Amino acid sequence: LTTGKTRDVCQGADIEYLKSKDELLFVIPKMGAYTVDRKGNYRTIVEDNEISHDIDPLPNGNFVYVRARVIKGDDEVREITRSGHVVWRWSHAEYFPDREKFLRNIPETILEAWRGRLRVLFPDGIDWAHVNAVERYSDGDTLIALRNFSLFVIVGPKGRPKKIFKDIWLVHEPRRTKSGYIASDRSSGQGRAQFSIVQVYDNGLRVNLLTGQFAAIRGIELLPSGNFNITSVGNVFEINSDGRILHRMHLSIQSEDAERSL
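Residues numbered from 1 in each chain as written. Predicted model: local features only at pLDDT ≥ 70, side-chain atom pairs only at ≥ 80, totals over all residues. Heavy atoms only, no water.

Trainee: I'm lost on the packing of aromatic side chains in this one. Help?
Mentor: The geometry of an aromatic ring pair comes down to the distance between the two centres and the angle between the two planes. Inspection of every chain in the model, using the stated rule, returns 12 aromatic pairs. Look at Phe102 and Phe149: their rings are 5.9 Å apart centre to centre, the planes differ by 55°, and that puts the pair in the tilted class. Placement of the pair is Phe102 in the loop between strand 8 (86-90) and helix 1 (108-118) and Phe149 in the loop between strand 10 (142-146) and strand 11 (151-155), with a sequence separation of 47 residues. Across this residue pair, the class does not change: Phe102 and Phe149 are buried. One residue, Arg136, lies across the ring of Trp88, its end atom 5.0 Å from the ring centre. (Phe/Tyr/Trp six-rings, centres within 6.5 Å; stacked < 30°, edge-to-face > 60°. Helix = DSSP H or I, 4+ residues; strand = E, 2+ residues; numbered from the N terminus. Buried < 20%, exposed > 50% of the residue type's maximum accessible area, 1.4 Å probe, protein only. Lys NZ or Arg CZ within 6 Å of the ring centre and 35° of its normal.)

Trainee: Looking at this structure, I do not really get the sheet that holds strand 12 (residues 161-165). What am I missing?
Mentor: Sheet strands line up and pair through hydrogen bonds in the backbone, either parallel or antiparallel. Overall, antiparallel pairing links the 4 strands, which are arranged 9-10-11-12 in an open sheet. Both outer strands of the open sheet, strand 9 (131-136) and strand 12, are each paired with one neighbouring strand and no more. Each neighbouring strand pair of the sheet contributes to a mean axis angle of 15°, computed without reference to strand direction. As paired strands, strand 10 and strand 11 are joined by 5 bridges and run antiparallel to one another. Paired with Ala145 across the two strands is Phe152, which belongs to strand 11. (Pairing = 2+ DSSP bridges. Axes fitted to C-alpha atoms, helices over the stretch in contact; angles between N-to-C directions.)

Trainee: Just checking my understanding: could you explain the pattern of salt bridges for this structure?
Mentor: Applying the stated criterion across every chain, the model contains 19 salt bridges. Among the ionic pairs, Arg89 bridges to Asp75, the shortest N-O distance being 3.5 Å. Highlighted residues: Arg89 in strand 8 and Asp75 in the loop between strand 6 (63-66) and strand 7 (77-80), separated in sequence by 14 residues. On the accessibility criterion, Asp75 (10% relative accessible area) is buried. Close ionic contact of Glu100 with Arg99 constitutes a salt bridge, the shortest N to O distance being 3.9 Å. For Glu100, a relative accessible area of 36% translates into the label partly exposed. By sharing partners, the salt bridges in this structure join Asp48, Arg67, Asp74, Asp75, Arg78 and Arg89 into a single network. (Salt bridge = Lys/Arg side-chain N within 4 Å of Asp/Glu carboxyl O.)

Shown next, in the form of structure tokens:
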């Protein structure tokens, strides 16, 4: 894309293959979302200075996407038509006005480490919720992950929360499974840059997999086999539901100690 603008993809890029059209759908953070075909032809889906992290096509031809770093009170999720018209918005403000309420089970020493070393949880309304994932289900419900609240929530078609999953520290990439959800969290890192993978079952049980071995998890995809394809800072790998690694590709140029023991 020749736009005269530069953007850091580490601010929350997203890409996925659209099989029906043989195209790639991708996000340039804080700029827009686009599709590109094998001949290099691209089409603008939406331009939004706050877009990042996640965009998905919907069966009705619309798109739902995330606006992660907006200020406190702004809408973090939007659904748009193919022409770019906004038909659905969601913000934490109406349902979760008190962020500190959801951080009470996290020791203050950990919170201070996050604020200092990780540069999260700003106190002045900037990047307040940091929504980093959205997924629309066939029944019209929507999964939304709020990193800075350490929770993800299932909301109904009108946006009202139906089920809340709390205390998944700095949650990333929650995905529905046959028996519940899988996500990554930072609860094992004690403030350091270490993620784990956690399974959250419908009955409330939680099981940590590959505890504290990742500098960051940036993708979890459920495969038809029931296994999970996971992308971290330095690895792309497949695990089964017990956390056993079936195969992986490691990027040797990465030096993160948190991923060497994998």
